[in-house]
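A closer look at the structure
Spelled out, the chains give:
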Amino acid sequence: MKLFELQAFGIEHLKRTERPAPEPDADEVMVRIRAVSLNYRDLLVIQGKYNPRLQFPRVPLSDGAGEVVAVGEKVTAWKTGDRVVIPFMPAWLDGELSATKAASALGGDVDGLLQEFVLIRADALLPLPPHLSFEQAAALPCAAVTAWNGLFVSGNLQPGQTLLLQGTGGVSLFGLQFGKMAGATIVLISSSDTKLDRARAMGAHHTDNYRTEPDWEKRVLEITQGRGVDLTLEVGGMGTLSKTLKATAYAGHISLIGVLTGISGELQIGHILHKALTIRGIYVGSRAMFAAMNAAVTQHKLEPVIDRIFSFDESLDALRHLETAQHLGKVVIRFD
Ligand SMILES: NC(=O)c1ccc[n+]([C@@H]2O[C@H](COP(=O)([O-])OP(=O)(O)OC[C@H]3O[C@@H](n4cnc5c(N)ncnc54)[C@H](OP(=O)(O)O)[C@@H]3O)[C@@H](O)[C@H]2O)c1
């Protein structure tokens, strides 16, 4: 089978190669991958910023959808031809996260999905929402489940509340789509006026360019008549968190998700105490969250926003495209 494996850190060390196709164990399903999507995490993994002690060779990428091509002898839930989507952490079925569940994250310490065939435990797989293509479903496992968890499981977003979204990448655009679905008022910041136009067309109520207006937290306070937002999907990390704290209402919630501007630095904690804020770390989500999200995605016929689809042979170009941050929504690779 064809695959790409990382042989050393750096996109240029991602090499196309071949391995024998695997055989499923009794409780496993063999999935032929039809499409994968990229996440910012994949760049961190490939650049050596996610785990500097990563073992090589490693097949990268966590998010994919495909069809069942073989099942182990104990598997009754799936049959050949079923269209399936694969959770980010196949061992996190339900309940709280644990070290064992986290260790199953695909494309990290275990091989990921940039390969033609994979073996996945049968109880982890989910059916594709029927209205979605493989390319659209491949967009869901990390970015969409993270947004879902940050909004509804951790964040407990209520209709009428105000939601702050940062940028127009995968997590934030799912945040926009789900936030609209839930009746939130949405404030979205981006570095690009063109992308802000697109976000408004998708239903963002208030937008602000954080590049031309670096003090965006003041604008957020103006928009909310000085009150601040109820909930933020914080994807910026250290460079944005201080501003988010200022832009958040009393008793507000911050779902701490991303590290786009870095992971460490100085933080004034005064706002957290005085406004009684909640900050909750998010690490994607469980299969149960994914299933609940898929029910809503199906009910609302929600379609992920796909920026661009690359071919399997163009996988390196796809990663370089993500690196430029010119995209809006998800970057996808289709297996031919
Ligand atoms: N904890 C978790 O489980 C989890 C899960 C998924 C993702 N993440 C993290 O969340 C972050 C976003 O991931 P992603 O896959 O959605 O990324 P992505 O698709 O690559 O999106 C990146 C976008 O973020 C925006 N951005 C960059 N710097 C910004 C800043 N200073 N302020 C506001 N927006 C900024 C830019 O949008 P504009 O071009 O519109 O400005 C950029 O295009 C990453 O750090 C990723 O590692 C964490």
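As a starting point, this report considers the structure included with it. Residue numbers run consecutively from 1 along every chain, following the written order of its sequence. Per-residue local features are limited, in this predicted model, to residues with pLDDT of at least 70; the limit for side-chain atom pairs, both in listing and counting, is 80 or more; totals at the level of whole chains, interfaces and linings are taken over all residues. To get the side-chain values, all heavy atoms of the structure are used, and hydrogens and water are removed first.

**Notes on the packing of aromatic side chains**
Basically, it comes down to this: Ring geometry is summarised as follows: Phe, Tyr and Trp rings, the Trp one being its six-membered ring, pair when their centres sit within 6.5 Å, and such pairs are stacked at plane angles under 30 degrees, edge-to-face over 60 and tilted between the two. Helix numbers and strand numbers start at the N terminus; a helix is a DSSP run of H or I with at least 4 residues, a strand a run of E with at least 2. For every residue, the accessible area obtained with a 1.4 Å probe (protein chains only) is divided by the maximum for its type, and the residue is called buried under 20%, exposed over 50%, and partly exposed between those limits.
Evaluation of the coordinates by the stated rule reveals seven aromatic pairs. Here phenylalanine 4 and phenylalanine 312 contribute two aromatic rings whose centre-to-centre distance is 5.0 Å and whose plane-to-plane angle is 50°, an arrangement assigned as tilted. With phenylalanine 4 in strand 1 (residues 2-6) and phenylalanine 312 in the loop between strand 14 (306-311) and helix 11 (315-324), the pair connects residues that are 308 residues apart, well separated along the chain. The class of phenylalanine 312 is buried, set by a relative accessible area of 0%.

**Considerations on the pairing of strand 8 (residues 162-166)**
Condition: Pairing between strands is defined by DSSP: at least two bridges between them are needed. Handedness of a crossover is defined as follows: orient the strands so they point away from the viewer, and if the path from the first strand over the helix to the second runs clockwise, the crossover is right-handed.
Among the five residues of strand 8, five are classified as buried, and the element is accordingly described as predominantly covered. Note: strand 8 against strand 9 (residues 185-190), five bridges, orientation parallel. Bridge pairing in strand 9 links leucine 165 to leucine 188. The β-α-β motif built from strand 8, the intervening helix 5 (residues 170-181) and the parallel element strand 9 has right-handed crossover chirality. Of the pairings in the sheet, the one linking strand 8 to strand 11 (residues 229-234) comprises three bridges and is parallel in character. Among the inter-strand pairings, leucine 165 is bridged to a residue of strand 11, identified as leucine 233.

**Focus: the site of the ligand**
This is how the line gets drawn: Being near a molecule or strand, for a residue, means having at least one of its heavy atoms within 4 Å of it. Residues adjacent in sequence count toward polar contacts only when both atoms are side-chain atoms; beyond that, a polar contact is any pair of N or O atoms within 3.5 Å, and within protein one must be able to donate a hydrogen and the other to accept it. Side-chain classes are defined by residue name, with Ala, Val, Leu, Ile, Met, Phe, Trp, Tyr, Cys and Pro counting as nonpolar, Asp, Glu, Lys and Arg as charged, and the others, Gly among them, as polar.
Inspection of the region around the ligand gives 26 residues, with Thr168, Ser190, Tyr210, Ile282 and Val284 positioned closest. Here valine 171 contributes a backbone N or O atom positioned 2.9 Å from an oxygen atom of the ligand. Here a nitrogen atom of the ligand and a backbone polar atom of isoleucine 282 are 2.7 Å apart. At the level of elements, helix 4 (140-153) and helix 5 are the ones that each hand at least two residues to the shell around the ligand. Among the residues making up the shell around the ligand, the classes are represented as 12 nonpolar, 13 polar and one charged.

**Thoughts on the environment of glycine 169**
We count it as follows: Pairs of residues are marked as contacts when any of their non-hydrogen atoms sit within 4.5 Å.
Positionally, glycine 169 belongs in the loop between strand 8 and helix 5. Residues glycine 169 and histidine 327 lie 158 residues apart in sequence; the distance between their C-alpha atoms is 7.0 Å. Not counting chain neighbours up to four residues away, the residues in contact with glycine 169 comprise His327 and Gly329.

**Let's talk about the nonpolar core**
Selection criterion: Nonpolar core, defined: a set of buried Ala, Val, Leu, Ile, Met, Phe, Trp, Tyr and Cys residues in which side-chain atoms within 4.5 Å join the residues together.
Leu163, Phe174, Leu176, Phe178 and Met293 are the most contacted members of the largest nonpolar core, which totals 50 residues. Elements with a minimum of two residues in this core: helix 3 (134-137), helix 4, strand 8, helix 5, strand 9, helix 6 (193-201), strand 11 and helix 10 (287-299). In terms of residue count, the dominant contributor to this core is helix 4 (eight residues). Not counting residues up to four positions away in its chain, the partners in contact with phenylalanine 178 are Ala144, Ala147, Trp148, Leu151, Phe152, Met293, Val297 and Leu302. Ranked by size, the runner-up nonpolar core spans 38 residues in total, among them Phe4, Val29, Val84 and Ala122.

**Here's the deal with the sheet that holds strand 12 (residues 248-256)**
Note the cut-off: A fitted line through C-alpha atoms represents every axis, and for helices the fit uses only the stretch in contact; the resulting angles, taken between N-to-C directions, go from 0 to 180 degrees.
Spatially, six strands are ordered 10-9-8-11-12-13 in an open sheet, and the strand pairing comes out parallel. Each of the sheet's edge strands pairs with one partner strand only, and the pair in question is strand 10 (206-209) and strand 13 (278-281). When the angles between neighbouring strand axes are averaged without regard to direction, this sheet yields 15°. In the sheet, strand 12 pairs with strand 13 via four bridges, with the strands oriented parallel. Within strand 13, the position partnered with leucine 256 by the bridge is glycine 281. Most of the contacts of helix 4 go to strand 11, to which it runs at about 155°, and overall it touches strand 8, strand 11 and strand 12. Packing of helix 5 onto the sheet brings it into contact with strand 8, strand 9 and strand 11, and relative to strand 8 it is tilted by some 160°.

**What to know about helix 5**
Defined as follows: By this rule the span expected of a helix is its residue count minus one, scaled by 1.5 Å.
Along its 12 residues, helix 5 runs 17 Å from first to last C-alpha, staying within 8% of the 16 Å computed at 1.5 Å per residue. Within helix 5, burial applies to Gly170, Val171, Ser172, Leu173, Phe174, Gly175, Leu176, Gln177, Phe178 and Gly179. Just past helix 5, the residue glycine 183 takes up positive phi, approximately 80°.

**A word on helix 7 (residues 216-223)**
To be explicit about the condition: In this description, one arc is meant: the one made by directions from the helix axis to the C-beta atoms.
For helix 7, the set of buried residues is Trp216, Glu217, Val220 and Ile223. Within helix 7, the buried residues cover an arc of 115° as seen down the axis, which keeps them to one side. With respect to the buried face of helix 7, the exposed residues turned more than 90 degrees away are Lys218 and Glu222. Buried positions along helix 7 lie against strand 8, strand 9, strand 10, strand 11 and helix 8 (238-247). Phi turns positive one or two residues past the end of helix 7, at glutamine 225, with a value near 50°.

**Observations regarding the side chain of arginine 58**
If you trace the backbone, arginine 58 turns up in the loop between helix 1 (40-47) and strand 4 (63-71). Judged by its relative accessible area of 10%, arginine 58 is buried. Those residues within four positions of arginine 58 in sequence are excluded, and the remaining contacts are Glu5, Leu6, Gly108, Asp109, Val110 and Asp111.

**Points about the pattern of salt bridges**
Using the following cut-off: In what follows, salt bridge is the name for a side-chain nitrogen of Lys or Arg lying within 4 Å of a carboxyl oxygen of Asp or Glu.
Evaluation of the coordinates by the stated rule reveals 16 salt bridges. Between aspartate 82 and lysine 79 there is a salt bridge whose closest N-O contact spans 2.9 Å. Judged by its relative accessible area of 15%, aspartate 82 is buried. The exposed category is assigned to lysine 79, whose relative accessible area is 54%. As a salt-bridge pair, aspartate 197 and arginine 200 come within 2.4 Å of each other at their nearest N and O atoms. Note that aspartate 197 and arginine 200 are positioned in helix 6 at a spacing of three residues, about one turn of the helix. One salt-bridge network, in which partners are shared between bridges, spans Glu5, Arg19, Arg58 and Asp111.

Geometric values such as these leave the question of function open.
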